[in-house]
Amino acid sequence: MKPEKIYYFDNNATTRVAPEVVEAMLPFLTECWGNPSSAYEFGHRVAKPLEQARIQVAGLINADPREIIFTSCGTESDNAALQSAFRLFPGKRHLVTTAVEHSAVLNYSKFLQDNGCEVTVLPVEPDGSLDLHQLERAIRPDTALVSVMWANNETGVVFPIEEISAICRSRDVLFHTDAVQAAGKIVLDVRETGVDLLSLSGHKLYAPKGIGVLYARRGARFQPYLIGGHQERGRRAGTENVAGCIAFGRAAELAVERFEEETARIRELRDRLENGILTGIPGTTRNGARDARLPNTTNLGFEGVEAEAVLMMLDRIGVCVSSGSACATGSLEPSHVLTAMGVRPAQARGAVRFSLGGYNTREEVDFVLEELPPIIRHLRGSLPSGGEPVLVRDSGTVGGV
Ligand SMILES: *Cc1c(COP(=O)(O)O)cnc(C)c1O
């Protein structure tokens, strides 16, 4: 049974490529296929739009275009930021990060730890927020880097980046933020916040997969991750993914243009969905702060049900959502984010993340509000069993996204 329409509520996992973005990148997959580093005019025809894309990306975060490094993905940007700090300061072997980071930061921290670094993983409060005094106390003379995400992918909780950045500056420690989920959803201003390093990813922002950005503040030292040619001002070797860069540029431009209107519209839809579920389905709770949160995300716990089962029932009717559990669907490990917030395992296993985006409509929200209550009732066993049996899918992974 294959549903015709897809109700996509998983925009924190990836987004549809905007048609305007496809249109902008297509010429760079067809007639403009030169190498931007080539000295002749056919190369310039690619180099100039590439620099235009860099300006567009810089505009999204109020950076100087020279501070923008194109990478292959958000994960590479995160890895590159962390490794740079530890290669720059061989005498500094300490990293401060949080328990709720994306695996691109958390697992790289573990790798650093296995290679002789010390890592302080800051806990979070029950609402997902950070205790800044604790962060301040964690910084030591040998701290090479503090890495704290701007917004959490599972709960949407937003961290006070300007304050954290100020703390790091006053202690003379480099500060990196994973802003992959924040981009296009809240205002990002690297100048005002004074962050040193910041990661972005194209496919969370209506550009394709396989293109990322690392912002590296001018004046802050940086050690390249990929070593080879002189691309990206010597900070990231490898011929640029030109079409991807152009796509990212156009997506960034659209995000700026549509910011006010889109974030207000998406917030309204998210609130309609969240309020509808919280009031319409008993035994439901929100995970994470209500206010200091991205406008598109809601993480809801359904008491007495397994999120995996909810996902599967929704999948049958074409609704795409994520479970709060695990980096890999199929493993029943409760989410590290919810666990860090003190959510009990049984409760965390009933957590479902809905993340809205630019293509969601009110009709889609209302469809979920109509279909979800009977699904939850059924899973709680108050409906007579019947129909198709609920089988747990054994293939396919939903990444820690
Ligand atoms: C998706 C995501 C990443 C990884 O980005 P990729 O481009 O998929 O590698 C990193 N951090 C956060 C917060 C994310 O949501």
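In case you missed it, the structure is sitting above this.
Description of the structure in this document. (Residues numbered from 1 in each chain as written. Predicted model: local features only at pLDDT ≥ 70, side-chain atom pairs only at ≥ 80, totals over all residues. Heavy atoms only, no water.)

Observations concerning the pattern of salt bridges
When their charged atoms lie close together, side chains carrying opposite charge are able to pair. Tallied over the entire structure, the rule returns 20 salt bridges. Measuring nitrogen to oxygen at the nearest pair gives 2.8 Å for the salt bridge that ties Arg-54 to Glu-232. With Arg-54 in helix α2 (residues 41-61) and Glu-232 in helix α8 (residues 231-234), the pair connects residues that are 178 residues apart, well separated along the chain. With respect to class, Arg-54 is no different from Glu-232; both count as buried. Notably, a salt bridge pairs Glu-262 with Arg-265, separated by 3.1 Å at the nearest N-O pair. Of the two residues, Glu-262 and Arg-265 are both situated in helix α10 (residues 259-280); the distance of 3 residues between them amounts to about one turn of the helix. Linked through salt bridges whose partners overlap, the residues forming this network are Glu-51, Arg-54 and Glu-232. (Salt bridge = Lys/Arg side-chain N within 4 Å of Asp/Glu carboxyl O. Helix = DSSP H or I, 4+ residues; strand = E, 2+ residues; numbered from the N terminus. Buried < 20%, exposed > 50% of the residue type's maximum accessible area, 1.4 Å probe, protein only.)

Points about the sheet that holds strand β9 (residues 284-286)
Whether parallel or antiparallel, the strands of a sheet pair through hydrogen bonds between backbone atoms. Spatial strand order, β9-β10-β13-β12: 4 strands in an open sheet with antiparallel pairing. Of all the strands in the sheet, the pair left with one neighbour each is β9 and β12 (322-323). Taken together, the 5 bridges between strand β10 (residues 297-302) and strand β13 (residues 351-355) define a ladder with antiparallel strand orientation. Within the sheet, the bridge partner assigned to Thr-297 lies in β13 and is Ser-355. Along the sheet, α10 contacts β9, β10 and β13; its crossing angle with β10, the most-contacted strand, is approximately 10 degrees. (Pairing = 2+ DSSP bridges. Contact = heavy atoms within 4.5 Å. Axes fitted to C-alpha atoms, helices over the stretch in contact; angles between N-to-C directions.)

What to know about the sheet that holds strand β5 (residues 143-147)
With mixed pairing, the 7 strands of this open sheet are ordered in space as β2-β8-β7-β6-β5-β3-β4. The outermost strands of the open sheet, each flanked by one partner alone, are β2 (68-71) and β4 (118-122). Neighbour-to-neighbour, the strand axes of the sheet open up by a mean angle of 20 degrees, direction not taken into account. Inspection of the sheet shows strand β7 (residues 197-201) paired to strand β8 (residues 212-216) by 5 bridges, in the antiparallel sense. Bridge pairing in β8 links Leu-200 to Val-213. Sheet contacts for helix α4 (residues 103-114): β3 (94-98), β4, β5 and β6 (174-178); angle to β3, the most-contacted strand, approximately 155 degrees.

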